[in-house]
Amino acid sequence: MILLAICFALTVLLGVPVAFCLGITSVVFILVTHKASLMTIPTLMFGGIDSFPLMAIPLFIMAGFLVQKSGVLPKLVEFADALVGHLPGGLAHVNIVASMFFAGVSGVALADTAAIGSMLIPPMIKEGYDRKFSAVVTAASSIVGPIIPPSVAMIIYAYSAGGTVSVAGLFLSGVIPGIILGLGMMGLTYILSIRRSYPLSEEKFSFLNALKKAKGAVLGLMVPLIILGGILSGMFTPTEAGGVAVAYALITGILITRKLTLKKIASCFLEASKTSAIVFMMLATAKIIAWLLTIYQVPAKLTAMLMMITTNPQIFLIMAMCILLLIGFVLEAVATMIMLVPCFAPVAIAYGIEPHHFGLLFVMTVQIALITPPVALGLFVACRLAKTTIEEVFADIWPFLFLIFGIMILIALCPNVTMWLPRLFGYVP
Amino acid sequence: MFYYLKKIVEGLVIVCSAVMTFLVIIQVFCRYCLGVSIPFSEELSRYLMVWVVFLAAGLALKDDAHISIKVLVDKFQERRRLWLSLAAQILLLAFLVLLLVESIALLPYQRVQIITSMGISIFWFYLAIPVGCVIMILFLLPKMYQKVKEILNKANYEEPRKTLKGKRL
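Residues numbered from 1 in each chain as written. Chains lettered and ligands numbered in written order. Predicted model: local features only at pLDDT ≥ 70, side-chain atom pairs only at ≥ 80, totals over all residues. Heavy atoms only, no water.

**Q** With reference to specific residues and values, describe the overall build of chain B.
**A** Scanning chain B for helices and strands turns up six helices and two strands. Seen in sequence order, chain B has helices and strands lined up from the N terminus as α-α-α-α-β-β-α-α. Against the globule reference of 15 Å for 169 residues, chain B gives a C-alpha radius of gyration of 23 Å, more extended than a compact globule. Along the first, second and third principal axes, the C-alpha atoms of chain B reach 80 × 35 × 30 Å. Counting all 169 residues of chain B, 44% fall into the buried class. Carbon and sulfur atoms make up 66% of the accessible area of chain B, which amounts to about 9100 Å² in all. The average position of the 20 basic charges and that of the 11 acidic charges among the side chains of chain B differ by 7 Å. (Helix = DSSP H or I, 4+ residues; strand = E, 2+ residues; numbered from the N terminus. Rg over C-alpha atoms; globule rule 2.2 N^0.38 Å. Buried < 20%, exposed > 50% of the residue type's maximum accessible area, 1.4 Å probe, protein only. Areas by Shrake-Rupley, 256 points an atom, 1.4 Å probe, with all protein chains shown as cover. Lys, Arg positive; Asp, Glu negative; His and termini not counted. Charge placed at Lys NZ, Arg CZ, Asp CG, Glu CD.)

**Q** Go over the nonpolar core with me, naming the residues and quoting the values.
**A** A:Phe20, A:Tyr157, A:Phe358 and A:Phe362 are the most contacted members of the largest nonpolar core, which has 217 residues in total. Top element by residues in this core is helix α13 (residues 262–295) of chain A. It accounts for 18 residues. Each of domain 1 (1–38) and domain 2 (51–424) of chain A accounts for three or more of the residues forming this core. If we ignore the near neighbours within four places in the chain, the residues touching A:Phe20 are A:Met281, B:Leu61, B:His66, B:Leu92, B:Phe95, B:Leu96 and B:Met136. (Core = buried A, V, L, I, M, F, W, Y, C linked by side-chain atoms within 4.5 Å. Domains from an automatic or database assignment. Contact = heavy atoms within 4.5 Å.)

**Q** Before we move on, could you go through the interface of chain A and chain B and cite the residues and values that matter?
**A** Often the size quoted for an interface is simply the accessible area lost on bringing the parts together. Taken together, the contact pairs 52 residues of chain A with 55 residues of chain B. Interface area, chain A with chain B, both sides summed: about 4900 Å², of which 82% is carbon and sulfur. For the pair chain A and chain B, the interface holds three salt bridges. Counting the contacts that link chain A with chain B gives seven residue pairs in polar contact (both at pLDDT 80 or more). Those elements that place two or more of their residues in the side of chain A that touches chain B are α1 (2–14), α2 (18–33), α3 (40–49), α4 (56–69), α12 (238–256) and α13 of chain A. Broken down by element, the side of chain A that touches chain B gets its largest block of residues, eleven residues, from α13(A). Here the residues of the side of chain A that touches chain B sort into 38 nonpolar, ten polar and four charged. (Buried area = accessible area lost by both parts, 1.4 Å probe. Salt bridge = Lys/Arg side-chain N within 4 Å of Asp/Glu carboxyl O. Polar contact = N/O pair within 3.5 Å; in protein donor to acceptor, adjacent residues only side chain to side chain. Nonpolar A, V, L, I, M, F, W, Y, C, P; charged D, E, K, R; others polar.)

**Q** Give me unusual backbone geometry: which residues, what numbers.
**A** Note that the residue after A:Pro149, namely A:Pro150, is joined by a cis bond; omega there is -5 degrees. Considering the arrangement of structural elements, one finds A:Pro150 in the loop between α8 (131–141) and α9 (152–160). The backbone of A:Arg258 sits at a positive phi, close to 55 degrees, despite the residue not being glycine. Mapped onto the elements of the fold, A:Arg258 is located in the loop between α12 and α13. Phi at B:Asp64 takes a positive value of approximately 55 degrees, unusual for a residue other than glycine.

**Q** Which residues make up a negative patch on the surface, and what are the values?
**A** Residues and elements named next belong to chain A. Taken together, the side chains of Glu 78, Asp 81, Glu 127 and Glu 203 present a region of like negative charge at the surface. Here Glu 203 shows up in the loop between α10 (167–195) and α11 (207–232). Take Glu 203: its relative accessible area is 56%, and that puts it in the exposed class. (Patch = residues over 30% accessible without salt bridge, like charges linked within 9 Å, V, L, I, M, F, W, Y side chains within 5 Å.)

**Q** A description of the packing of aromatic side chains should follow, citing residues and the corresponding values.
**A** Applying the stated rule across the entire model yields 15 aromatic pairs over all chains. Summarising the aromatic geometry, the rings of A:Phe46 and B:Tyr126 are spaced 3.9 Å apart at their centres and angled 15 degrees between planes, so their arrangement reads as stacked. You can see A:Phe46 sitting in helix α3 and its partner B:Tyr126 sitting in helix α5 (residues 123–126), one on each of two chains. Accessibility classification places A:Phe46 together with B:Tyr126 in one group, the buried group. Their ring planes at 80 degrees and their centres at 6.1 Å tell us that A:Phe344 and A:Phe362 sit as a pair that is edge-to-face. Taken together, the residues span a long stretch of sequence, with A:Phe344 in helix α16 (residues 333–350) and A:Phe362 in helix α17 (residues 355–368) at a distance of 18 residues. Across the pair, exposure class does not vary: A:Phe344 and A:Phe362 are buried alike. Connected via pairs of aromatic rings, a cluster forms that spans A:Tyr157, A:Phe316, A:Phe344, A:Tyr351, A:Phe358 and A:Phe362. The ring centre of B:Tyr47 lies 5.4 Å from the NZ or CZ of B:Arg46, which sits over that ring. (Phe/Tyr/Trp six-rings, centres within 6.5 Å; stacked < 30°, edge-to-face > 60°. Lys NZ or Arg CZ within 6 Å of the ring centre and 35° of its normal.)

**Q** I'd like a rundown of the side chain of A:Asp112, residues and numbers included.
**A** Residue and element names in this part refer to chain A. The residue Asp 112 is located in helix α7 (residues 109–126) in this model. Buried charge Asp 112 goes without a salt bridge, the closest partner of opposite sign being Lys 69 at 15 Å. Ignoring any residue separated from it by four or fewer positions in sequence, one finds Asp 112 in contact with Ser 99, Phe 102, Ala 103, Ser 106, Gly 117, Ser 142 and Gly 145.

**Q** Can you tell me about the environment of A:Thr43, naming the residues and giving the values?
**A** Relative to the assigned elements, A:Thr43 resides in helix α3. Under the relative-accessibility criterion, A:Thr43 is labelled partly exposed at 34%. Each C-alpha atom, one on A:Thr43 and one on A:Lys287, is 10.0 Å from the other, the two residues being 244 residues apart in sequence. Setting aside anything within four residues of it in sequence, one finds A:Thr43 in contact with B:Leu106 and B:Tyr126.

**Q** Explain the packing of α13(A) against α16(A) to me, and be specific about the residues and the numbers.
**A** Residues and elements named next belong to chain A. Close contact between α13 and α16 brings their axes to 10 Å; oriented N to C, the two are set at 25 degrees. The pairing of α13 with α16 is recorded here as roughly parallel in orientation. The two elements α13 and α16 meet at a crossing, and its hand is right-handed. Note on element contacts: α16 touches α13 through Val 334, Ala 335, Ile 338 and Cys 343, opposite Val 279, Met 282, Leu 283, Ala 286 and Leu 293. Of the residues contributing to the contact of α13 with α16, the split by class is nine nonpolar, no polar and no charged. (Axes fitted to C-alpha atoms, helices over the stretch in contact; angles between N-to-C directions. Parallel < 35°, antiparallel > 145°, perpendicular 65-115°, else oblique. Left-handed = near helix turned anticlockwise from the far one by under 90°.)

**Q** Explain the domain arrangement of chain A residue by residue, including any values.
**A** All names here are of chain A. Per the domain assignment, the segments of chain A are domain 1 (1–38) and domain 2 (51–424). Its C-alpha centre places domain 1 at a distance of 30 Å from the equivalent point of domain 2. Each side of the interface is counted separately: domain 1 has 15 residues, and domain 2 has 14 residues. Across the domain 1/domain 2 interface, buried area totals approximately 1200 Å², and carbon plus sulfur atoms make up 90% of it. Seen at the junction of domain 1 and domain 2, the total is zero salt bridges. Of all the elements, α2 adds the most residues to the side of domain 1 that touches domain 2, at ten residues. For the side of domain 1 that touches domain 2, the class distribution of residues is ten nonpolar, four polar and one charged.

**Q** For α1(A), give the residues involved together with the corresponding values.
**A** Residue and element names in this part refer to chain A. Between its terminal C-alpha atoms α1 stretches 18 Å, which fits the 18 Å expected from 13 residues at 1.5 Å a residue. Residues Leu 4, Cys 7, Phe 8, Thr 11, Val 12 and Leu 14 constitute the buried set of α1. Projection of α1 onto a plane perpendicular to its axis shows the buried side chains occupying an angular sector of 160 degrees, all on one side. Opposite the buried face of α1, by more than 90 degrees, sit the exposed residues Ile 2 and Leu 10. (Expected span 1.5 Å × (residues − 1). Arc of directions from axis to C-beta.)

Set out below in structure tokens:
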């Protein structure tokens, strides 16, 4: 067991891609212990990715890319602008609201950061926001992407937790926390904007204008409705919802906005395949580790160990979140999830925590890794767009980090926030 | 040659992922609009996804897109960093070769396993692993060659500085 951990740590620190670290570690382990034949490795890897529920990942990523390329995104931003552009710090609010809208289309935070950032950071800088703040708002707000459904992270969680949570239930539990998180960030932006006297837009809020812009945005806003509606009514599974979302994006892109060409579609498919291959390679090799862990009954032993420290589920929740947050400072979100869900999820159930509630908190905490320096992919993308560096925005990110973590602790302590919607639809007893 | 390899793999990935997506869409369409279900769509799309993953993993490797942690490695001086990343690549290569060997060894057993819904052997889908490994190795080798060249260049370049300062960098 310790051998596993050491070997993994060494290879990771050496800079070997995480997916292959997991593979190398398991090979070393099998060679040393002779517990299994090496031939099980390809079989396990194949089994790790040969899964219909997992296919939702490439499909949702594809749908996100297609919607982006079909020119629906500017419409969403315009709508957000009509809604909140008149507040102090207008464009920053637009950034957050647009991220929330786009979250309903795409399932990955990074796509959010890149798409919204490239559209809003340049105008923000032009209007006199400083580069640091523009980058931070973009990166922080895109965290709602994986919390508001659809969410690739949640699909991975549901798969790694081995059937104890349903993707649909997890999707639903994210709706309210996602909105709370967005509103919280808008509140923080409001305060910061007044204190730093960021520019005020001359345009006043007009209901008519908002309505007009809503008409343009409807095409984009339909996607989450179709996905959630279809899953909730039992019309299709989450994976099929992904397929329907792709079909919808293709139809609007080709017939209505007429922005999609065959070449663009092909490049969307290619990019989505590459992005998902990175995730799937990790899932494949993590399957071997998960198998080894079960043989050695690690989750059971871990539970026994933690039970000795505390039997209070709330203390355990907060402890788990702190551990995840610390790991998030050096590791990327998806990798953390794939490695730790098989260990943590059974423990949470042993503590009597509702699996969906724990799942949502897990996903949220792990997403913060995207903005915790030094390894912060989301922040990195946003900084590059704003032409600044992670070192420079260091000071600006803290208020957002505290805010997000504070909101999460609150959500952790009142499970009703997450569980109300899934309970309403009968996904959770 | 690597350029053509890349183009071919890219083409295959696009075709496989397009067919996979199409199958899922058709599955929903047939169930609701035609009232029939296709027996093989779910399985075939799943196995196509395995192909997509192993092919596209090679492309991701070429782009250095696989998630890795460089914090520690970046702390080192350039020469040691080069050595360390070469070591990482060697480990990666070793794993890929092992996976290649083991998955080929497994292939004969798969010939007899027939997927009932389609009547073809699962062999054709397990084949994705060795093929993917070969592609990844092919993309990895020029990267390693590049690293070795960089290390050699650095060695030559830093020779005079080393003697000047009198200590190793």
